[in-house]
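# Analysis of the macromolecular model
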Amino acid sequence: MESHEAVKRPRVLVTRQTPGESLQRLREVCEVEVWPETMPPSREELCRLVKGRHGLLTMLSDRIDGEMMEIAGDQLAVISNYAVGFNNIDVDAAKTRGIAVGNTPDVLTDATADLAVALLFAASRHVLPAGNQVREGEWKTWEPTGWLGVEPAGKTLGIVGMGRIGRATARRLVGGWGMNLLYTSRSDQAEVEKELGGRRVELDTLLAESDFVSVHVALTDETRNLIDAEAISKMKSTSVLVNTARGEIVDQDALVEALENRSIFGAGLDVTTPEPLSAEHPLVKSAHCVILPHIGSATHTSRNAMAEIAVDNLIAGLSGRPLRCSVT
Ligand SMILES: NC(=O)C1=CN([C@@H]2O[C@H](COP(=O)(O)OP(=O)(O)OC[C@H]3O[C@@H](n4cnc5c(N)ncnc54)[C@H](OP(=O)(O)O)[C@@H]3O)[C@@H](O)[C@H]2O)C=CC1
Ligand SMILES: O=CC(=O)O
(Lines give C-alpha, C1' and ligand atoms only; values in the text may rest on other atoms or scores of the structure.)
(Ligands and ions follow the chains in the order given, each with its own letter.)
Protein backbone atom coordinates (compact mmCIF):
# COMPACT_ATOMS: atom_id res chain seq x y z
CA MET A 1 0.00 0.00 0.00
CA GLU A 2 1.22 3.56 -0.80
CA SER A 3 1.86 5.59 2.29
CA HIS A 4 3.37 8.96 3.18
CA GLU A 5 6.72 8.59 1.43
CA ALA A 6 7.31 11.10 -1.39
CA VAL A 7 5.80 9.85 -4.68
CA LYS A 8 6.82 10.99 -8.17
CA ARG A 9 3.63 12.70 -9.38
CA PRO A 10 1.42 13.03 -6.32
CA ARG A 11 -2.30 13.46 -6.88
CA VAL A 12 -3.69 16.67 -5.49
CA LEU A 13 -7.22 18.04 -5.18
CA VAL A 14 -7.80 21.81 -5.09
CA THR A 15 -11.35 22.41 -3.96
CA ARG A 16 -11.82 25.86 -5.62
CA GLN A 17 -10.13 28.03 -8.21
CA THR A 18 -7.50 30.22 -6.50
CA PRO A 19 -6.29 33.56 -7.86
CA GLY A 20 -2.88 34.18 -9.42
CA GLU A 21 -0.42 31.79 -11.00
CA SER A 22 0.57 29.69 -8.01
CA LEU A 23 -1.27 26.54 -9.16
CA GLN A 24 1.14 26.45 -12.12
CA ARG A 25 3.93 25.60 -9.69
CA LEU A 26 1.79 22.81 -8.31
CA ARG A 27 1.06 21.44 -11.79
CA GLU A 28 4.80 21.19 -12.48
CA VAL A 29 5.18 18.60 -9.73
CA CYS A 30 1.72 17.09 -9.22
CA GLU A 31 -1.36 15.78 -10.97
CA VAL A 32 -3.79 18.53 -10.03
CA GLU A 33 -7.56 18.44 -10.17
CA VAL A 34 -9.31 21.74 -9.46
CA TRP A 35 -13.00 21.75 -8.56
CA PRO A 36 -14.33 24.02 -11.31
CA GLU A 37 -17.60 25.29 -9.82
CA THR A 38 -18.32 28.55 -8.01
CA MET A 39 -20.26 26.63 -5.36
CA PRO A 40 -18.15 24.33 -3.18
CA PRO A 41 -18.38 20.56 -3.62
CA SER A 42 -21.07 18.94 -1.47
CA ARG A 43 -20.01 16.50 1.25
CA GLU A 44 -20.83 13.61 -1.10
CA GLU A 45 -18.84 15.13 -3.94
CA LEU A 46 -15.91 15.84 -1.65
CA CYS A 47 -15.95 12.24 -0.36
CA ARG A 48 -15.72 11.04 -3.95
CA LEU A 49 -13.03 13.56 -4.93
CA VAL A 50 -10.60 13.04 -2.01
CA LYS A 51 -10.14 9.30 -2.65
CA GLY A 52 -6.55 8.43 -3.47
CA ARG A 53 -5.21 12.01 -3.13
CA HIS A 54 -1.81 12.68 -1.62
CA GLY A 55 -2.59 16.33 -0.93
CA LEU A 56 -5.65 18.52 -0.50
CA LEU A 57 -5.82 22.28 -0.95
CA THR A 58 -8.98 23.11 0.93
CA MET A 59 -11.23 26.08 1.69
CA LEU A 60 -12.96 26.95 4.94
CA SER A 61 -16.25 25.63 3.54
CA ASP A 62 -14.76 22.09 3.26
CA ARG A 63 -15.25 20.04 6.42
CA ILE A 64 -12.23 17.76 6.60
CA ASP A 65 -12.84 15.41 9.51
CA GLY A 66 -11.47 11.99 10.40
CA GLU A 67 -14.05 10.26 8.19
CA MET A 68 -12.95 12.34 5.20
CA MET A 69 -9.29 11.51 5.89
CA GLU A 70 -10.21 7.83 6.14
CA ILE A 71 -11.99 8.01 2.80
CA ALA A 72 -9.00 9.79 1.22
CA GLY A 73 -6.76 6.89 2.22
CA ASP A 74 -3.41 6.22 3.90
CA GLN A 75 -1.42 8.01 1.21
CA LEU A 76 -2.86 11.42 2.22
CA ALA A 77 0.16 13.38 3.47
CA VAL A 78 -0.89 17.02 3.65
CA ILE A 79 -3.95 19.24 3.97
CA SER A 80 -3.26 22.84 3.05
CA ASN A 81 -6.06 25.19 4.07
CA TYR A 82 -6.52 28.35 2.00
CA ALA A 83 -7.26 30.40 5.14
CA VAL A 84 -5.62 31.27 8.41
CA GLY A 85 -8.54 29.81 10.40
CA PHE A 86 -8.57 26.00 10.38
CA ASN A 87 -11.67 25.16 12.40
CA ASN A 88 -12.95 23.23 9.35
CA ILE A 89 -10.18 20.66 9.80
CA ASP A 90 -9.97 18.06 12.55
CA VAL A 91 -6.33 18.70 13.39
CA ASP A 92 -6.20 15.97 16.05
CA ALA A 93 -7.44 13.39 13.55
CA ALA A 94 -4.81 14.58 11.08
CA LYS A 95 -2.08 14.34 13.73
CA THR A 96 -3.11 10.79 14.59
CA ARG A 97 -2.77 9.85 10.93
CA GLY A 98 0.53 11.70 10.46
CA ILE A 99 -1.04 14.17 8.03
CA ALA A 100 0.51 17.65 7.99
CA VAL A 101 -1.90 20.61 8.15
CA GLY A 102 -1.03 24.08 6.88
CA ASN A 103 -2.68 27.50 6.85
CA THR A 104 -1.99 31.00 5.48
CA PRO A 105 -1.29 33.43 8.35
CA ASP A 106 0.06 37.00 8.30
CA VAL A 107 -0.51 37.84 4.63
CA LEU A 108 -4.21 38.53 5.27
CA THR A 109 -3.81 40.30 8.60
CA ASP A 110 -3.87 43.86 7.24
CA ALA A 111 -6.77 43.22 4.86
CA THR A 112 -8.88 41.66 7.61
CA ALA A 113 -8.04 44.36 10.15
CA ASP A 114 -8.96 46.99 7.54
CA LEU A 115 -12.31 45.29 7.08
CA ALA A 116 -12.93 45.16 10.84
CA VAL A 117 -12.39 48.94 10.93
CA ALA A 118 -14.65 49.39 7.89
CA LEU A 119 -17.40 47.39 9.63
CA LEU A 120 -16.95 49.38 12.82
CA PHE A 121 -17.52 52.63 10.94
CA ALA A 122 -20.29 51.23 8.75
CA ALA A 123 -22.23 50.06 11.81
CA SER A 124 -21.51 53.26 13.76
CA ARG A 125 -22.63 55.63 11.03
CA HIS A 126 -25.50 53.73 9.32
CA VAL A 127 -23.46 53.66 6.11
CA LEU A 128 -25.49 50.96 4.35
CA PRO A 129 -29.07 52.02 5.18
CA ALA A 130 -28.24 55.68 4.66
CA GLY A 131 -26.62 54.92 1.30
CA ASN A 132 -29.61 52.80 0.33
CA GLN A 133 -31.91 55.69 1.09
CA VAL A 134 -30.09 57.69 -1.58
CA ARG A 135 -30.07 54.80 -4.09
CA GLU A 136 -33.78 54.26 -3.64
CA GLY A 137 -34.59 57.93 -4.22
CA GLU A 138 -35.91 58.22 -0.66
CA TRP A 139 -33.54 60.95 0.51
CA LYS A 140 -35.68 64.06 0.94
CA THR A 141 -33.56 66.56 2.86
CA TRP A 142 -30.64 67.10 5.25
CA GLU A 143 -32.00 66.43 8.71
CA PRO A 144 -30.52 67.72 11.97
CA THR A 145 -31.61 64.51 13.68
CA GLY A 146 -31.22 62.12 10.75
CA TRP A 147 -28.91 59.06 10.85
CA LEU A 148 -27.20 60.03 14.11
CA GLY A 149 -24.31 57.72 14.86
CA VAL A 150 -21.56 57.13 17.40
CA GLU A 151 -17.89 58.15 17.14
CA PRO A 152 -14.82 56.12 18.12
CA ALA A 153 -12.38 58.98 18.76
CA GLY A 154 -11.18 58.86 22.36
CA LYS A 155 -13.57 56.01 23.27
CA THR A 156 -12.71 52.52 24.49
CA LEU A 157 -11.97 49.67 22.12
CA GLY A 158 -12.31 46.08 23.36
CA ILE A 159 -10.36 43.49 21.38
CA VAL A 160 -11.51 39.93 22.10
CA GLY A 161 -8.46 37.83 21.18
CA MET A 162 -5.19 39.74 20.83
CA GLY A 163 -3.70 37.66 18.03
CA ARG A 164 -2.33 38.95 14.72
CA ILE A 165 -5.58 40.47 13.44
CA GLY A 166 -6.68 41.70 16.85
CA ARG A 167 -3.41 43.55 17.23
CA ALA A 168 -3.53 44.99 13.69
CA THR A 169 -7.08 46.22 14.33
CA ALA A 170 -6.04 47.79 17.64
CA ARG A 171 -3.06 49.43 15.95
CA ARG A 172 -5.35 51.16 13.47
CA LEU A 173 -7.89 52.37 16.01
CA VAL A 174 -5.53 53.31 18.82
CA GLY A 175 -3.06 54.99 16.47
CA GLY A 176 -5.61 56.57 14.16
CA TRP A 177 -8.49 57.48 16.44
CA GLY A 178 -6.80 57.73 19.83
CA MET A 179 -8.93 54.93 21.27
CA ASN A 180 -8.18 53.46 24.69
CA LEU A 181 -7.53 49.75 24.53
CA LEU A 182 -8.86 46.83 26.58
CA TYR A 183 -8.26 43.28 25.44
CA THR A 184 -8.63 39.63 26.39
CA SER A 185 -5.90 37.08 25.84
CA ARG A 186 -4.80 33.81 27.34
CA SER A 187 -1.18 34.70 26.82
CA ASP A 188 0.95 37.54 28.11
CA GLN A 189 0.99 40.47 25.67
CA ALA A 190 3.67 42.72 27.16
CA GLU A 191 4.77 43.71 23.64
CA VAL A 192 1.28 44.90 22.73
CA GLU A 193 0.98 46.92 25.92
CA LYS A 194 4.35 48.51 25.25
CA GLU A 195 3.28 49.44 21.72
CA LEU A 196 -0.36 50.39 22.26
CA GLY A 197 -0.72 50.99 25.98
CA GLY A 198 -3.68 48.64 26.46
CA ARG A 199 -4.92 46.75 29.51
CA ARG A 200 -5.59 43.01 29.63
CA VAL A 201 -8.92 42.32 31.35
CA GLU A 202 -11.51 39.59 31.82
CA LEU A 203 -14.15 39.37 29.10
CA ASP A 204 -16.91 40.67 31.40
CA THR A 205 -14.93 43.82 32.16
CA LEU A 206 -14.12 44.33 28.49
CA LEU A 207 -17.79 44.04 27.52
CA ALA A 208 -18.97 46.39 30.25
CA GLU A 209 -16.36 49.09 29.65
CA SER A 210 -15.90 49.07 25.88
CA ASP A 211 -17.69 51.33 23.40
CA PHE A 212 -16.62 49.15 20.47
CA VAL A 213 -16.02 45.40 20.78
CA SER A 214 -14.16 43.61 18.00
CA VAL A 215 -13.94 39.81 18.00
CA HIS A 216 -10.73 38.13 16.78
CA VAL A 217 -10.40 34.79 18.62
CA ALA A 218 -10.02 31.56 16.71
CA LEU A 219 -13.12 29.34 16.72
CA THR A 220 -12.59 26.41 19.10
CA ASP A 221 -14.82 24.43 21.47
CA GLU A 222 -13.97 27.04 24.14
CA THR A 223 -14.81 30.09 22.02
CA ARG A 224 -17.99 28.78 20.38
CA ASN A 225 -20.82 31.04 21.62
CA LEU A 226 -18.34 33.09 23.67
CA ILE A 227 -20.44 36.18 22.94
CA ASP A 228 -23.73 34.74 24.16
CA ALA A 229 -26.87 36.42 25.55
CA GLU A 230 -25.26 36.99 28.94
CA ALA A 231 -22.16 38.49 27.38
CA ILE A 232 -24.17 40.79 25.12
CA SER A 233 -26.29 41.90 28.07
CA LYS A 234 -23.13 43.32 29.67
CA MET A 235 -22.43 45.64 26.72
CA LYS A 236 -23.28 49.35 26.77
CA SER A 237 -26.46 50.42 24.97
CA THR A 238 -24.34 52.75 22.85
CA SER A 239 -21.81 50.07 21.90
CA VAL A 240 -21.04 48.43 18.57
CA LEU A 241 -20.07 44.77 18.10
CA VAL A 242 -17.82 43.75 15.21
CA ASN A 243 -17.07 40.15 14.27
CA THR A 244 -14.60 39.22 11.55
CA ALA A 245 -13.54 35.93 13.20
CA ARG A 246 -16.16 33.19 12.87
CA GLY A 247 -19.97 33.32 13.06
CA GLU A 248 -20.23 30.57 15.69
CA ILE A 249 -18.45 32.76 18.26
CA VAL A 250 -21.51 35.03 18.53
CA ASP A 251 -24.98 33.83 19.55
CA GLN A 252 -26.98 35.26 16.67
CA ASP A 253 -30.40 34.92 18.33
CA ALA A 254 -29.12 36.93 21.27
CA LEU A 255 -27.69 39.51 18.89
CA VAL A 256 -31.01 39.84 17.07
CA GLU A 257 -32.75 40.45 20.37
CA ALA A 258 -30.16 42.99 21.51
CA LEU A 259 -30.45 44.93 18.25
CA GLU A 260 -34.25 44.80 18.30
CA ASN A 261 -34.38 46.00 21.92
CA ARG A 262 -31.70 48.59 21.18
CA SER A 263 -29.68 47.23 24.07
CA ILE A 264 -26.60 47.72 21.85
CA PHE A 265 -26.24 50.35 19.12
CA GLY A 266 -25.22 48.18 16.19
CA ALA A 267 -23.23 45.32 14.78
CA GLY A 268 -20.92 44.72 11.86
CA LEU A 269 -20.38 41.12 10.79
CA ASP A 270 -18.17 39.61 8.12
CA VAL A 271 -18.99 36.10 9.34
CA THR A 272 -22.27 34.42 10.22
CA THR A 273 -23.82 31.02 10.90
CA PRO A 274 -24.56 29.67 8.39
CA GLU A 275 -22.85 31.34 5.47
CA PRO A 276 -24.68 32.67 3.62
CA LEU A 277 -27.49 33.75 5.95
CA SER A 278 -30.91 33.70 4.37
CA ALA A 279 -32.10 37.08 3.10
CA GLU A 280 -35.07 36.60 5.46
CA HIS A 281 -32.88 36.31 8.56
CA PRO A 282 -33.65 39.11 11.07
CA LEU A 283 -29.97 40.09 11.17
CA VAL A 284 -29.95 40.61 7.41
CA LYS A 285 -33.16 42.65 7.69
CA SER A 286 -31.99 44.69 10.68
CA ALA A 287 -31.26 48.36 10.02
CA HIS A 288 -28.71 48.19 12.82
CA CYS A 289 -26.60 45.37 11.45
CA VAL A 290 -24.15 45.41 8.54
CA ILE A 291 -23.36 41.99 7.11
CA LEU A 292 -20.66 41.30 4.53
CA PRO A 293 -20.11 37.99 2.70
CA HIS A 294 -16.93 36.89 4.50
CA ILE A 295 -14.56 39.14 2.57
CA GLY A 296 -11.95 39.90 5.25
CA SER A 297 -9.02 38.65 3.16
CA ALA A 298 -10.55 39.58 -0.19
CA THR A 299 -7.87 41.80 -1.68
CA HIS A 300 -5.71 40.90 -4.67
CA THR A 301 -2.59 41.18 -2.52
CA SER A 302 -3.83 38.95 0.29
CA ARG A 303 -5.53 36.27 -1.77
CA ASN A 304 -2.54 35.94 -4.12
CA ALA A 305 -0.16 35.69 -1.19
CA MET A 306 -2.42 33.13 0.50
CA ALA A 307 -2.35 31.02 -2.67
CA GLU A 308 1.45 31.11 -2.72
CA ILE A 309 1.65 29.93 0.89
CA ALA A 310 -1.00 27.26 0.36
CA VAL A 311 0.97 25.87 -2.60
CA ASP A 312 4.27 26.06 -0.71
CA ASN A 313 2.64 24.16 2.15
CA LEU A 314 1.35 21.47 -0.20
CA ILE A 315 4.63 20.99 -2.02
CA ALA A 316 6.56 20.81 1.25
CA GLY A 317 4.11 18.34 2.78
CA LEU A 318 4.13 16.14 -0.29
CA SER A 319 7.90 15.83 -0.14
CA GLY A 320 7.91 15.18 3.60
CA ARG A 321 9.47 18.55 4.48
CA PRO A 322 8.21 20.92 7.23
CA LEU A 323 5.44 23.20 5.97
CA ARG A 324 6.04 26.91 5.45
CA CYS A 325 3.08 27.58 7.79
CA SER A 326 2.02 24.62 9.88
CA VAL A 327 -0.92 24.82 12.31
CA THR A 328 0.72 22.50 14.84
N1 LIG B 1 -13.26 37.36 8.01
C2 LIG B 1 -12.23 36.82 7.39
O3 LIG B 1 -12.18 36.76 6.16
C4 LIG B 1 -11.09 36.30 8.18
C5 LIG B 1 -11.30 35.72 9.40
N6 LIG B 1 -10.25 35.26 10.14
C7 LIG B 1 -10.52 34.72 11.47
O8 LIG B 1 -9.74 35.45 12.41
C9 LIG B 1 -9.15 34.56 13.34
C10 LIG B 1 -7.91 35.17 13.91
O11 LIG B 1 -6.86 35.19 12.97
P12 LIG B 1 -5.38 35.58 13.43
O13 LIG B 1 -5.42 36.83 14.23
O14 LIG B 1 -4.51 35.51 12.27
O15 LIG B 1 -5.08 34.35 14.39
P16 LIG B 1 -4.16 34.30 15.70
O17 LIG B 1 -3.87 32.85 15.91
O18 LIG B 1 -3.03 35.25 15.58
O19 LIG B 1 -5.13 34.84 16.83
C20 LIG B 1 -6.14 34.03 17.36
C21 LIG B 1 -6.46 34.48 18.73
O22 LIG B 1 -7.42 33.56 19.24
C23 LIG B 1 -7.08 33.28 20.58
N24 LIG B 1 -7.54 31.94 20.94
C25 LIG B 1 -7.29 30.77 20.32
N26 LIG B 1 -7.90 29.78 20.96
C27 LIG B 1 -8.53 30.32 22.02
C28 LIG B 1 -9.32 29.81 23.07
N29 LIG B 1 -9.58 28.49 23.14
N30 LIG B 1 -9.80 30.66 23.98
C31 LIG B 1 -9.53 31.98 23.91
N32 LIG B 1 -8.79 32.53 22.93
C33 LIG B 1 -8.31 31.71 22.00
C34 LIG B 1 -5.58 33.36 20.66
O35 LIG B 1 -5.30 33.67 22.00
P36 LIG B 1 -3.95 33.39 22.75
O37 LIG B 1 -2.99 34.41 22.21
O38 LIG B 1 -4.27 33.63 24.14
O39 LIG B 1 -3.54 31.99 22.42
C40 LIG B 1 -5.29 34.50 19.69
O41 LIG B 1 -5.34 35.72 20.37
C42 LIG B 1 -8.93 33.27 12.52
O43 LIG B 1 -8.89 32.14 13.36
C44 LIG B 1 -10.13 33.24 11.60
O45 LIG B 1 -11.18 32.55 12.20
C46 LIG B 1 -8.98 35.36 9.69
C47 LIG B 1 -8.72 35.92 8.48
C48 LIG B 1 -9.75 36.40 7.60
O1 LIG C 1 -11.77 33.41 7.19
C2 LIG C 1 -10.75 33.39 6.62
C3 LIG C 1 -9.56 32.86 7.14
O4 LIG C 1 -8.52 33.00 6.47
O5 LIG C 1 -9.59 32.24 8.21
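Computed from a predicted model, the values in this text were never measured in an experiment.

## With respect to the overall build of the protein chain
Summing up its helical and strand segments, the protein chain has 13 helices and twelve strands in all. In terms of overall dimensions, the protein chain is globule-like: its C-alpha atoms have a radius of gyration of 22 Å, near the 20 Å expected for 328 residues. Its C-alpha atoms put the protein chain at 75 × 50 × 35 Å along the principal axes. The buried share of the protein chain, reckoned over its 328 residues, is 42%.

## Regarding the sheet that holds strand S8 (residues 199-200)
The sheet built from seven strands is open, its strands ordered S8-S7-S6-S9-S10-S11-S12 with parallel pairing. The sheet terminates laterally at S8 and strand S12 (289-291), the two strands that pair on one side only. In terms of strand pairing, strand S9 (residues 212-215) meets strand S10 (residues 240-243) through four bridges, oriented parallel. Note on S10: the bridge partner recorded for Val213 is Leu241. Each of strand S6 (156-160), strand S7 (180-184) and S9 touches helix H7 (residues 164-177); the most contacted strand, S6, lies at about 170° to it.

## Digging into H7
For H7, with 14 residues, the first-to-last C-alpha span of 20 Å sits near the 20 Å given by 1.5 Å per residue. Within the span of H7, buried status applies to Ile165, Gly166, Arg167, Thr169, Ala170 and Leu173. In this structure, the buried side of H7 is in contact with helix H5 (109-124), S6, S7, helix H8 (190-196) and S9. A positive phi of about 60° marks Gly178, the residue just after H7.

## Considering the UniProt feature "domain: D-isomer specific 2-hydroxyacid dehydrogenase NAD-binding" (unreviewed entry) in the protein chain
The UniProt record marks residues 117-296 with the feature "domain: D-isomer specific 2-hydroxyacid dehydrogenase NAD-binding" (unreviewed entry), using the residue numbering of this structure. Split by type, residues 117-296 is 35% helix and 15% strand. Its first and last C-alpha atoms lie 11 Å apart.

## A look at the pairing of strand S4 (residues 78-81)
Burial along S4 is two-sided: Val78 and Ser80 and Ile79 and Asn81, pointing in opposite directions, are all buried. Relative to S4, strand S3 (residues 55-58) runs parallel, the two sharing four bridges. Directly across from Leu57, in S4, lies its bridge partner Ser80. Crossover handedness for the path S3 to helix H3 (residues 66-72) to S4: right-handed. Inspection of the sheet shows S4 paired to strand S5 (residues 100-102) by three bridges, in the parallel sense. By the bridge assignment, Val78 is partnered in S5 with Ala100. Taking the sense of rotation as the criterion, the β-α-β connection linking S4, helix H4 (residues 91-96) and S5 turns out right-handed.

## Some remarks on the site of ligand 2
Close contacts around ligand 2 come from Leu60, Ala83, Val84, Gly85, Leu108, Gly296 and Ser297, and that covers them all. Tallied by class, residues from the shell around ligand 2 come to four nonpolar, three polar and no charged.

## Here we look at the site of ligand 1
Around ligand 1 sit 30 residues in total, of which Gly85, Gly163, Ile165, Arg186 and Gly296 are the nearest. Listing elements by their share of the shell around ligand 1, those giving two or more residues are H5 and H7. With three residues, the single largest contributor to the shell around ligand 1 is H7. Looking at the shell around ligand 1, its residues break down into ten nonpolar, 15 polar and five charged. For the shell around ligand 1, the two domains that each supply at least three residues are domain 1 (4-106 + 301-318) and domain 2 (109-291).

## Examining the domain arrangement of the protein chain
For the protein chain, the assigned domains are domain 1 (4-106 + 301-318) and domain 2 (109-291). A straight line from the C-alpha centre of domain 1 to that of domain 2 covers 32 Å. Taken together, the contacts link five residues of domain 1 with six residues of domain 2. Partitioning the side of domain 1 that touches domain 2 into residue classes produces one nonpolar, three polar and one charged.

Quick notes on the rules
- Residues numbered from 1 in each chain as written.
- Chains lettered and ligands numbered in written order.
- Predicted model: local features only at pLDDT ≥ 70, side-chain atom pairs only at ≥ 80, totals over all residues.
- Helix = DSSP H or I, 4+ residues; strand = E, 2+ residues; numbered from the N terminus.
- Rg over C-alpha atoms; globule rule 2.2 N^0.38 Å.
- Buried ≥ 20, exposed ≤ 12 C-beta atoms within 10 Å, placed from the backbone.
- Pairing = 2+ DSSP bridges.
- Contact = placed C-beta atoms within 7 Å.
- Axes fitted to C-alpha atoms, helices over the stretch in contact; angles between N-to-C directions.
- Expected span 1.5 Å × (residues − 1).
- UniProt positions renumbered as here; feature names shortened; annotations may be inferred.
- Right-handed = clockwise from strand over helix to strand, strands pointing away.
- Near = placed C-beta within 6 Å.
- Nonpolar A, V, L, I, M, F, W, Y, C, P; charged D, E, K, R; others polar.
- Domains from an automatic or database assignment.

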